[in-house]
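Here's the letter readout for the chains.
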Amino acid sequence: MHRRDALRTVTAPPPAGLRARLRPVIATEPFASVAVTALMLLAGCSSVPAPAELRTSLPAPAPSAAAVRSLLPGMPPPVDPADVYAADRPGHFAAAAARARPLVYVPNYGSDTVSVIDPRTYRVIRTVPGGHGPQHVVPSWDLRTLWVNDNTGNTLIPIDPVTSRFGKPVPVGDPYNLYFTPDGRFAMVMAESRQAIVFSDPHTMAPRHVLSVGCGGVNHADFSADGRYFIATCEFTGDLVKVDTAAQRVVGRLHLPGHAMPQDIKISPDGQTWYVADMQTSGLWVVDGDRMTVRTFVPTGDGAHGLYPSRDSRYLYIANRGAGSVSVLDFRTGRLVATWQLPGHASPDMGGVSADGRVLWLSGRYDREVYAIDTTTGRLVARIPVGTEPHGLCVWPQPGRYSLGHTGILR
């Protein structure tokens, strides 16, 4: 949520009757029950079990010919058909990303600037004008450019990740967020106030097709494992929309129960489950993307917002902006295994995982700061002062072959 008058915390419980309606699903699905999750939250877990070291070699199985034929045409075949994040292991940089200077770029929406942090020293090394109302910093599909989403200023500002130099702004209407189709053919400008997704040239950003989605606040998305469709969240109307990637048309719609306010969305490593952060009901909706149905709801903390997979595909980190905490979900069981409470007042929002998987970087939306969190212990490593209302920060470079957008969804 990006409006300057937005609530700092949202404490509304799941809508009345929701748990009763979902009870049969909870009893039969292999996901965390509300009761178990609540007990774990009350227990106040402080750390998550982690492997001694993250895997550094990519799985080798080659996809079958049938599997390749089922992919979106032009999409690179998966490294591992059973894990959409298999290409994101530490050390596996594409050539374009390997040349990049290691930095963290923080768009400060309220200050109209971008803070640039050296991740080795945890210090801001410079602050650059970022247009008017920058929301996210997004890696391009080919990993050669980082784009500052200058939302209110109606431009995309390119950054050369090798030199970290900011280029000439490109006029683009209402670029709240930015994604790319898995085949690299189109950029997708999430024009939130226009209730539209604008399919554009991925290099010049010239519009090619405007898709009206018919819901308010379209802003975050993720793609199916085969790239054939993506699901976008509509923050202001509580909807999810399913879009055929090749046809560029809406093929499904799901209104979440109660007064939902969906934010970030991520698919599970096996491509079978979708997790949707809901800032209003303060947790995750667990969704079947093929059928566009809700499986269950997992409470995490007030203002659930950003979602980030670990580098070994074992965990999902959930930033709870209102609660000042990070929840950790085990992808294999669908259950919460830890809650990391940040000290003092904190508002963890959007960000990403470091290239080696050891640090989770999150913006402190209402506290003019950035948090660096140790992913093995859950402890706060650094608290870095930045501008006003820092939002979708980008940790760069990251491992992976190509970018689907946002603050770094690589596959």
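1. Looking at the sheet that holds strand β9 (residues 177-180)
Stage number 1. With respect to topology, four strands assemble into an open sheet ordered β9-β10-β11-β12, the strand pairing being antiparallel. Sheet topology places β9 and β12 (207-212) at the edges, where each strand pairs with a single neighbour. Direction aside, neighbouring strands of the sheet carry axes that sit 25° apart on average.

2. Concerning the packing of aromatic side chains
Stage number 1. Counting across every chain of the model gives nine aromatic pairs.
Stage number 2. Between Phe223 and Phe230 the ring centres are 5.1 Å apart and the planes differ by 50°, which places this aromatic pair in the tilted class. Phe230 matches Phe223 in its accessibility class, with the two residues each being buried.
Stage number 3. One aromatic cluster is present, formed by Phe186, Phe199, Phe223 and Phe230 through successive ring pairs.
Stage number 4. Sitting over the ring of Tyr229, Lys242 keeps its end group 4.2 Å from the ring centre.

3. Comments concerning the state of the cysteines
Stage number 1. Summed over the entire model, instances satisfying the criterion amount to one disulfide.
Stage number 2. Shown here is the disulfide that connects Cys215 with Cys234, its sulfur atoms set 1.9 Å apart. Within this pair, whereas Cys215 is found in the loop between β12 and β13 (218-223), its partner Cys234 is found in strand β14 (residues 229-234), the two being separated by 19 residues in sequence. Of the two residues examined, Cys215 and Cys234, each falls in the buried class.

4. Quick look at the side chain of Asp174
Stage number 1. With respect to the helices and strands, Asp174 occurs in the loop between β8 (170-171) and β9.
Stage number 2. There is no salt bridge for the buried Asp174, and the closest opposite charge comes from Arg194, which lies 5.8 Å off by N-O distance.
Stage number 3. A distance of 3.0 Å separates a polar atom in the side chain of Asp174 from a polar atom in the side chain of Asn151.
Stage number 4. When near neighbours in sequence (up to four residues on either side) are disregarded, Asp174 contacts Asn151, Asn154, Val189, Met190, Ala191, Glu192, Ser193 and Arg194.

5. Some points on the sheet that holds strand β2 (residues 113-118)
Stage number 1. Read from one edge of the open sheet, four strands run β3-β2-β1-β29, paired in antiparallel fashion. Taken across any chain shown, the strands that pair with only one partner, and hence form the sheet edges, are β3 (123-129) and β29 (394-396). Neighbour-to-neighbour, the strand axes of the sheet open up by a mean angle of 20°, direction not taken into account.
Stage number 2. In the sheet, strand β1 (residues 103-108) pairs with β2 via five bridges, with the strands oriented antiparallel. In the sheet register, Asn108 faces β2, and the bridge partner there is Thr113.

6. A short note on the environment of Pro171
Stage number 1. Locating Pro171 in the fold gives a position in strand β8.
Stage number 2. Sequence separation between Pro171 and Ile157 is 14 residues; the distance between their C-alpha atoms is 8.8 Å.
Stage number 3. Apart from residues no more than four positions distant in its own chain, Pro171 is found in contact with Asn154 and Thr155.

7. Observations regarding unusual backbone geometry
Apart from glycine, the bulk of residues carry a negative phi angle, and the bulk of peptide bonds sit in the trans form.
Stage number 1. Pro397 follows Trp396 through a cis peptide bond whose omega is 5°.
Stage number 2. Topologically, Pro397 is positioned in the segment after β29.
Stage number 3. Even without being a glycine, Ser164 presents a positive backbone phi close to 65°.
Stage number 4. Here Ser164 shows up in the loop between β6 (155-160) and β7 (165-166).

How each quantity is defined
- Residues numbered from 1 in each chain as written.
- Predicted model: local features only at pLDDT ≥ 70, side-chain atom pairs only at ≥ 80, totals over all residues.
- Heavy atoms only, no water.
- Pairing = 2+ DSSP bridges.
- Helix = DSSP H or I, 4+ residues; strand = E, 2+ residues; numbered from the N terminus.
- Axes fitted to C-alpha atoms, helices over the stretch in contact; angles between N-to-C directions.
- Phe/Tyr/Trp six-rings, centres within 6.5 Å; stacked < 30°, edge-to-face > 60°.
- Buried < 20%, exposed > 50% of the residue type's maximum accessible area, 1.4 Å probe, protein only.
- Lys NZ or Arg CZ within 6 Å of the ring centre and 35° of its normal.
- Disulfide = S-S within 2.5 Å.
- Lys, Arg positive; Asp, Glu negative; His and termini not counted.
- Salt bridge = Lys/Arg side-chain N within 4 Å of Asp/Glu carboxyl O.
- Polar contact = N/O pair within 3.5 Å; in protein donor to acceptor, adjacent residues only side chain to side chain.
- Contact = heavy atoms within 4.5 Å.

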